[in-house]
Amino acid sequence: MEKKILAPAVAGLMLLLFTLPSLSAQEFQLNASAVDSLTEFVAATGANKMLLYQDGKLVKSWADESCREPMNTASMVKSWTGLVIGILVNQGKIKSVRDPVCDYLPEWRAGCDSNVTVEQLLTMSAGIDRRPAASSVLAQKDMRAFVLDLPLDRTPGTRFSYSNESVQLLGALIEKAAGQAAGTVFRELLFEPLGMSDTHLVKDEAGNDITYGGAMTTAEDAARIGQLMLNGGRYQGRQLVPATWVNQSTTPSAKAAYYGYLWWIDTAQDNYAAMGDFGQMTIVFPKERLLLIRQQSCRNNDPSQNMNWMGPDFLKMIRNTVRTETTDPGDMPDPGKLLLGYDDLPRSQVMVVGTHHFRQEDHYDELDAENQQQLEKLADALAAFRPTKVVLEWEPRLTERANQRYSDFLNGALSIDSLTNETYQLGFRLARKMGHERLYLFDDQTEFIGSLEGFTFDKFGEYAKANDDGFYNVHESVLIERFGKNQEALDGLSLYDRLLVMNSPEAGTINAQRMHMYEIRVGIQKNWMGPDWLGRWYRRNVRMVANVLQFSEPPEDRILIIVGDNHKWVLDQLFAFSPDFELVSSYDYLQRGR
């Protein structure tokens, strides 16, 4: 993993801090009798399937084998719609939840006239009241046309009012923002990355995808959404949904203490849920790391029995399936409630794109026709992030000169056809594609001081062999062998795939491990040359972040940085831990662009 280290003296300590597994103040143990009681209750209330997970592990699976109907999500899919909106905001296809809906759906005249915002649709406060089924979107053959012609019932932002129509409008907005059918967007951004192979949206009679209800899924697929939420938007190491969006989605909105961004919230027992008619449920207890999926597909004929069992007692039954091992939980302080954080600060989004330093070699010529096509493809993939600033690995003192060359490039006075450097081939190319008038530079070299004065790697090697032979190079043969094989593997890829792999989490981890297994061993308790060298590397990257901070303009800025790949693992972690930035995965965008 990457580490946030601000001085050489704390390098070892912070390395440990960021590689140790997270420990909870409380350990939870399954309460078998409570699990049995919950299962009996779920069966008695008409369900045909229940899955219970604790800390990512399936601890109870029950099913009524006489009911083999597929799972219809009913309104549970509304919460999924909220997640797709969050992904599109992260991609820049929706600029902000504060945007007027009219920016995306000018054909919805009532929304335009009253300046309804995306956030008001997400929080059910857009001024659209719940309608009787016969006069609602449920009864329409063309649901898109119906909602786009929908009048408002009250002034937006004045009160919470649950409505299917609000979420169908969000579906139309998703299609406009993404330029694809909602079913395709859900599949590409949510279902496929989560492995939800048995899940799809359904369509109305006119062929419109329905986003407020009725999606077809399985209990196992629905559980993947719950685990995604429990893990702060991450799935198998990938940040599919920004953690800040997950947090906002499960935070009470201004007009309803029980509702966030299309997720139901129970603050009394600290849980949140995606829910649909007759008890289709994804219920998450984050503190206990509990997840319950309830499916009811067969006993849905009696409206009077529709979730009449749902209430605090049922939620307490779920929570009681685990018990804490803490001796006195009443005295245990809750750090999340006790300490004030900084997550509410305005943030700029930042993406760090790691690359090799372009140069012409016998086996790799970035200027040949095929690689020029690959560079265009790379620029297109990164342009989907919609960066507002492109930042290059040059020193800020060269800003005027660099921007003069960029201006010459825009005006046709400078050709990059023979300039191999990645700042020209990728940075200039991308900035022009985005219509930018200038570039930003952020690399400030740090001084070689103390044990590093007059540093060269030849001197470093000589000192190491004379003073630490047999210790600093204990892994040398492993490092050389694996580094060589990794380079050989990368050299066998196309230019696009080379950068794709270099931006992967796995490559970042390997780069960090390599730097911490070799040089750091030189001069310990002697002249400290090795730790000082690694500390200088961290200081250089901290200066880079500081330079970006100076020209960042939150919350709308979307900053894309092009830098050597060995910087990426440090910068990613520094940005991830800064309250001024929200880190966006370059790997995700390159995967999508492929």
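Details of the structure are given in the entry above.
Position labels on residues start from 1 in each chain and follow its written sequence. Local features in a predicted model are, by the rule used here, given only for residues with pLDDT of at least 70; side-chain atom pairs are given and counted only at 80 or more, and totals for whole chains, interfaces and linings are based on all residues. Excluded from the side-chain calculation are hydrogens and water; included are all heavy atoms of the structure.

Caption draft 1: A look at the overall build of the protein. Across its full length, the protein holds 22 helices and 17 strands. In terms of overall size, the protein behaves like a compact globule, its C-alpha atoms giving a radius of gyration of 27 Å where 594 residues would be expected to give roughly 25 Å. The principal-axis extent of the C-alpha atoms belonging to the protein is close to 85 × 65 × 45 Å. The contacts of the protein with a sequence gap of at least 6 include a subset with a gap of at least 24, amounting to 74%. Here the protein displays about 27,100 Å² of accessible surface, and carbon together with sulfur accounts for 50% of that area. A run of DSSP states H or I qualifies as a helix once it reaches four residues; a run of E qualifies as a strand once it reaches two. Both are numbered from the N-terminal end. Put simply, the radius of gyration uses C-alpha atoms, and a globule should come to 2.2 Å times the residue count raised to 0.38. Here, residues are in contact when the closest pair of their heavy atoms is within 4.5 Å. Only the protein chains shown count as cover for residues, with accessible areas throughout obtained via the Shrake-Rupley method and a probe of 1.4 Å.

Caption draft 2: Focus on helix α8 (residues 182-194). For a helix, the expected span equals 1.5 Å multiplied by the number of residues minus one. For α8, which comprises 13 residues, the first-to-last C-alpha distance of 17 Å matches the rise-based estimate of 18 Å (1.5 Å per residue) to within 8%. Bend is computed residue by residue as the angle between axes fitted to the seven residues ending at the residue and the seven residues starting at it. The largest bend in α8 comes to about 40 degrees, at E188. For α8, the complete set of buried residues consists of A182, G183, V185, F186, L189, L190, F191, P193 and L194. Close packing links the buried residues of α8 with α3 (76-91), α7 (164-178), α9 (219-230), β6 (234-235), β7 (238-239) and α22 (586-593). Directly after α8, the chain includes G195, whose backbone phi takes a positive value near 75 degrees. A 1.4 Å probe rolled over the protein chains alone gives each residue an accessible area, and that area as a share of the maximum for its type sets the label: buried under 20%, exposed over 50%, partly exposed in between.

Caption draft 3: Here's a closer look at the sheet that holds strand β16 (residues 558-564). Pairing is parallel across the open sheet formed by five strands, whose spatial order is β15-β14-β16-β13-β17. Two strands in the sheet have a free side with no partner beyond their single neighbour: β15 (440-441) and β17 (581-584). Should DSSP find at least two bridges between two strands, the strands are taken to pair. Inspection of the sheet shows strand β13 (residues 348-355) paired to β16 by seven bridges, in the parallel sense. By the bridge assignment for β16, Q349 is matched with R558. Interaxial angle, 0 to 180 degrees, is taken between N-to-C directions of lines fitted to C-alpha atoms, where a helix line uses only the stretch in contact. In the packing of helix α15 (residues 422-433) onto the sheet, contacts are made with β13, β14 (389-392) and β16, and the angle to β14 comes to roughly 170 degrees.

Caption draft 4: Just the sheet that holds strand β10 (residues 280-285), in detail. One open sheet accounts for six strands, arranged β3-β2-β11-β10-β9-β8; its pairing is antiparallel. Of all strands in the sheet, those with a lone pairing partner are β3 (57-63) and β8 (264-266), marking the two edges. Across the sheet, the mean angle from the axis of one strand to that of its neighbour is 15 degrees, orientation sign disregarded. Bridging between β10 and strand β11 (residues 290-295) involves five bridges; their strand directions are antiparallel. When the sheet's bridge partners are listed, T282 is paired in β11 with I293. α3 rests against β9 (271-276) and β10 of the sheet, and its axis sits at about 120 degrees to β9. Set on the sheet, helix α11 (residues 312-319) makes contact with β8, β9, β10 and β11; between it and β10 the angle comes to about 55 degrees.

Caption draft 5: Focus on a nonpolar patch on the surface. Within the patch definition used here, like charges are joined within 9 Å and nonpolar side chains (Val, Leu, Ile, Met, Phe, Trp, Tyr) within 5 Å, considering only residues with over 30% relative accessible area and no salt bridge. What makes a salt bridge here is a side-chain nitrogen of Lys or Arg within 4 Å of a carboxyl oxygen of Asp or Glu, nothing more. The grouping of F471, I524 and W528 at the surface amounts to a nonpolar patch, some 260 Å² of accessible area in total. Checked against the element boundaries, F471 lands in the loop between α16 (457-467) and α17 (476-491).

Caption draft 6: Region of the structure containing the state of the cysteines. In what follows, a disulfide is any cysteine sulfur pair within 2.5 Å. Applying the stated criterion across every chain yields a total of two disulfides. Between the sulfur of C67 and that of C298 lies a disulfide, 1.9 Å long from S to S. Taking the torsion about the S-S bond as the criterion, the C67 to C298 disulfide, at about 90 degrees, is right-handed. With C67 in the loop between β3 and β4 (71-72) and C298 in the loop between β11 and α11, this residue pair connects regions lying 231 residues apart in the sequence. Given the relative accessible area of 34%, C298 is considered partly exposed. Residue C102 pairs covalently with C112 via a disulfide, S to S 2.1 Å. Its S-S torsion of about 95 degrees marks the bond between C102 and C112 as right-handed, since a negative value means left-handed. Taken together, the residues span a long stretch of sequence, with C102 in the loop between α3 and α4 (109-113) and C112 in helix α4 at a distance of ten residues.

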